[in-house]
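Each chain, written out:
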Amino acid sequence: MGDKSPKANKKQAGQKQTKDDAVDAKKKSDVAAKQVDKTKK
């Protein structure tokens, strides 16, 4: 669990980036959906 090798650190950083991207994409899709709702009314 305490793997501090550069390879392990890079892998962990890559996973965090992917998670952040997924969160950002969800926020953007939520905002887009809300904007569509406003234009329909």
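Scroll up to find the structure this text is about.
Residues numbered from 1 in each chain as written. Predicted model: local features only at pLDDT ≥ 70, side-chain atom pairs only at ≥ 80, totals over all residues. Heavy atoms only, no water.

Let us look at the overall build of the protein chain. Secondary structure summary: the protein chain contains 1 helix and 0 strands in total. Within the protein chain, the fraction of its 41 residues that count as buried is 2%. Carbon together with sulfur atoms contributes 58% to the accessible area of the protein chain, which is approximately 4200 Å² in total. (Helix = DSSP H or I, 4+ residues; strand = E, 2+ residues; numbered from the N terminus. Buried < 20%, exposed > 50% of the residue type's maximum accessible area, 1.4 Å probe, protein only. Areas by Shrake-Rupley, 256 points an atom, 1.4 Å probe, with all protein chains shown as cover.)

Before going further, it helps to examine the pattern of salt bridges. Taken as a whole, this structure holds 2 salt bridges when the rule is applied. A salt bridge links Lys16 to Asp20, with the nearest nitrogen and oxygen atoms 3.5 Å apart. Here Lys16 and its partner Asp20 are both found in helix α1 (residues 6-40), 4 residues apart, which amounts to about one turn of the helix. For Lys16, a relative accessible area of 55% translates into the label exposed. (Salt bridge = Lys/Arg side-chain N within 4 Å of Asp/Glu carboxyl O.)

With that settled, consider the environment of Ser29. Relative to the helices and strands, Ser29 is located in helix α1. A polar contact of 2.8 Å, which involves the side chain of Ser29, links it to the backbone oxygen of Lys26. (Polar contact = N/O pair within 3.5 Å; in protein donor to acceptor, adjacent residues only side chain to side chain.)

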